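Spelled out, the chains give:
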Amino acid sequence: MDITITPIVTEKATKLTEKLNRYMFRVSPQANKAEIKSLVEKLYGVKVVSVNTAVVRGKNKSRWTKSGLLRGKSNSYKKAFITVGEGQTIDFYSNI
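Residues numbered from 1 in each chain as written. Predicted model: local features only at pLDDT ≥ 70, side-chain atom pairs only at ≥ 80, totals over all residues. Heavy atoms only, no water.

Undergrad: In this structure, what is going on with the pairing of strand β4 (residues 60-65)? I would like to understand it.
TA: Within a regular strand, side chains alternate between the sheet's two faces. Among the six residues in β4, zero count as buried, and that is only a small part of the element. The pairing of β4 with strand β5 (residues 68-73) spans six bridges and is classified as antiparallel. Note that in β5 the partner of Asn 60 across the bridge is Lys 73. The loop that links β4 with its antiparallel partner β5 comprises two residues. (Buried < 20%, exposed > 50% of the residue type's maximum accessible area, 1.4 Å probe, protein only. Helix = DSSP H or I, 4+ residues; strand = E, 2+ residues; numbered from the N terminus. Pairing = 2+ DSSP bridges.)

Structure (structure tokens):
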């Protein structure tokens, strides 16, 4: 099974990183905690202490246009909160 993982870099995620040494990732919906943990440890070379996941449900969206009201929905996705060991960090910008 192919698992995708992308970092989430927002103000809220940055505050969690500074305060609790916790990082946020957007992961594949079918990925479980053990697979996420092994992938993060392999990709970033850190010791993962815990993995928490949450499914973010899609929001309903609507807008007015010349042709009338258009309705749609954004996609739902799975979010993973990764807590790494004390003194370890993940650098998202090292490979840019």
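Undergrad: Sorry, what's going on with the packing of aromatic side chains here?
TA: When we look at a pair of aromatic rings, we describe it by the centre distance and by the angle of the planes. Applying the stated criterion across every chain, the model contains four aromatic pairs. When the ring of Phe 25 is compared with that of Tyr 44, the centres are 5.9 Å apart and the planes differ by 35 degrees; the resulting orientation is tilted. You can see Phe 25 sitting in strand β2 (residues 22-27) and its partner Tyr 44 sitting in helix α2 (residues 33-44), a full 19 residues away along the chain. With centroids separated by 5.7 Å and ring planes inclined at 85 degrees, the aromatic side chains of Phe 25 and Phe 92 adopt a geometry described as edge-to-face. One end of the pair, Phe 25, is in strand β2; the other, Phe 92, is in the segment after β6 (77-84), with 67 residues separating them in the sequence. Members of the aromatic cluster, each reached through a chain of ring pairs, are Tyr 23, Phe 25, Tyr 44 and Phe 92. The ring centre of Tyr 77 lies 4.0 Å from the NZ or CZ of Arg 26, which sits over that ring. (Phe/Tyr/Trp six-rings, centres within 6.5 Å; stacked < 30°, edge-to-face > 60°. Lys NZ or Arg CZ within 6 Å of the ring centre and 35° of its normal.)

Undergrad: In this structure, what is going on with the nonpolar core? I would like to understand it.
TA: Buried together is how nonpolar side chains tend to be arranged in soluble globular proteins. Ranked by size, the top nonpolar core spans 17 residues in total, and within it Phe 25, Ile 36, Val 40, Ile 82 and Ile 90 carry the most contacts. Of all the elements in the fold, those that place two or more residues in this core are β2, α2, β3 (48-56) and β6. Each residue touching Phe 25, except ones within four places of it in the same chain, is listed here: Ile 5, Thr 6, Pro 7, Ile 8, Val 40, Tyr 44, Lys 78, Lys 79, Ala 80, Ile 82, Ile 90 and Phe 92. (Core = buried A, V, L, I, M, F, W, Y, C linked by side-chain atoms within 4.5 Å. Contact = heavy atoms within 4.5 Å.)

Undergrad: Would you take a moment to explain the confidence of the model for the protein chain for this structure?
TA: Detail in the predicted coordinates should be disregarded across regions flagged by low pLDDT. Of all residues in the protein chain, 97% have pLDDT values of 70 or greater, and the mean over the chain is 93. Ranking the helices and strands of the protein chain by mean pLDDT puts β3 first, with 97, and strand β1 (residues 5-7) last, with 93. (pLDDT = per-residue confidence, 0-100.)

Undergrad: Explain the environment of Ile 3 to me, please; I cannot follow it from the model alone.
TA: Along the chain, Ile 3 turns up in the segment before β1. Here the alpha-carbon distance between Ile 3 and Ile 36, two residues 33 residues apart in the chain, equals 8.1 Å. Sequence-distant contacts of Ile 3, that is, excluding residues within four places in its chain, are made with Ser 28, Ala 31, Glu 35 and Leu 39.

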